Amino acid sequence: MAREKDIISGITIEDLQEQHRPIAESIGMESFIKLVREFGGSAIYIPQMREVTKMRVYRMIRDEFDGTNIKKLASKYDVSESTVYNVVREQIQSGVHKHPMIPGQMSIADMLQSGE
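We now turn to the structure provided with this report. Note that the structure is predicted; figures quoted are calculated from it, not measured.

**Quick notes on the environment of Arg62**
Argument step 1. With respect to the helices and strands, Arg62 occurs in helix α4 (residues 49–64).
Argument step 2. The residues contacting Arg62, other than those within four sequence positions of it, are Val87, Val88 and Gln91.

Given below as structure tokens:
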């Protein structure tokens, strides 16, 4: 019987079954073969782009948070204000953000602790 390596070395998209061709066309034959070797026979989930970029967006929100710009960040990154708050909660509670607050100004953390 022919060795797998010999068979695979000359395989083209036209050699694939119809349902596998779009994947190979999208990522290329070499990557398709790697994918088959790694995950062949398993069901895999391909996430949406928003899920792939989620942690990077959260890091960017944390980096840009200045203590006053929750609404701006929510709009810029197309997330809810509560999402921005959840992402920066630790920064708010610890008082660590890029711009110090105006003396006497209450933070969101102060408001939450006081029950307002």
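**Re the nonpolar core**
Argument step 1. With 14 residues, the main nonpolar core has Ile61, Val84 and Val88 as its most contacted residues.
Argument step 2. For this core, the elements supplying multiple residues, two or more each, are α4, α5 (70–76) and α6 (81–94).
Argument step 3. Looking at which element gives the most residues to this core, the answer is α6, with five residues.
Argument step 4. If near-sequence neighbours (up to four positions away) are discounted, Ile61 is found in contact with Leu73, Tyr77, Val79, Val84, Val87 and Val88.
Argument step 5. The next biggest cluster of nonpolar side chains, apart from the first, holds five residues, and it includes Leu16, Ala24, Phe32 and Ile33.

**Side note on the side chain of Gln91**
Argument step 1. Looking at where Gln91 falls in the secondary structure, it is placed in helix α6.
Argument step 2. Residue classification places Gln91 among the buried residues on the basis of a relative accessible area of 16%.
Argument step 3. A distance of 3.2 Å separates a polar side-chain atom of Gln91 from the backbone oxygen of Arg62.

**Things to note about α4**
Argument step 1. With 16 residues, α4 extends 22 Å between its outermost C-alpha atoms, agreeing within 8% with the 22 Å of an ideal straight helix rising 1.5 Å per residue.
Argument step 2. Of all the bends in α4, the greatest, near 40°, is centred on Met55.
Argument step 3. Buried within α4 we find Val57, Tyr58 and Ile61.
Argument step 4. Buried residues along α4 sit against α5 and α6.

**Concerning unusual backbone geometry**
Trans peptide bonds make up the majority, and among non-glycine residues the majority have a negative phi.
Argument step 1. Backbone geometry places Asp78, a non-glycine residue, at a positive phi of 55°.
Argument step 2. Inspection of the secondary structure assignment puts Asp78 in the loop between α5 and α6.

**A closer look at the pattern of salt bridges**
Argument step 1. The final tally for this structure, using the stated rule, is six salt bridges.
Argument step 2. One salt bridge in this structure joins Arg3 and Asp6, with 3.7 Å as the shortest N-O distance.
Argument step 3. What makes Arg3 exposed here is its relative accessible area of 52%.
Argument step 4. The class of Asp6 is partly exposed, set by a relative accessible area of 47%.
Argument step 5. With its nearest N and O atoms 3.7 Å apart, the salt bridge here joins Arg50 to Asp78. Of the two residues, Arg50 sits in helix α4 while Asp78 sits in the loop between α5 and α6, which places them 28 residues apart along the sequence. As far as burial versus exposure is concerned, Arg50 and Asp78 are alike and both exposed.

Rules and cut-offs
Residues numbered from 1 in each chain as written. Predicted model: local features only at pLDDT ≥ 70, side-chain atom pairs only at ≥ 80, totals over all residues. Heavy atoms only, no water. Helix = DSSP H or I, 4+ residues; strand = E, 2+ residues; numbered from the N terminus. Contact = heavy atoms within 4.5 Å. Core = buried A, V, L, I, M, F, W, Y, C linked by side-chain atoms within 4.5 Å. Buried < 20%, exposed > 50% of the residue type's maximum accessible area, 1.4 Å probe, protein only. Polar contact = N/O pair within 3.5 Å; in protein donor to acceptor, adjacent residues only side chain to side chain. Expected span 1.5 Å × (residues − 1). Bend = angle between axes of the 7 residues up to and from the residue. Salt bridge = Lys/Arg side-chain N within 4 Å of Asp/Glu carboxyl O.

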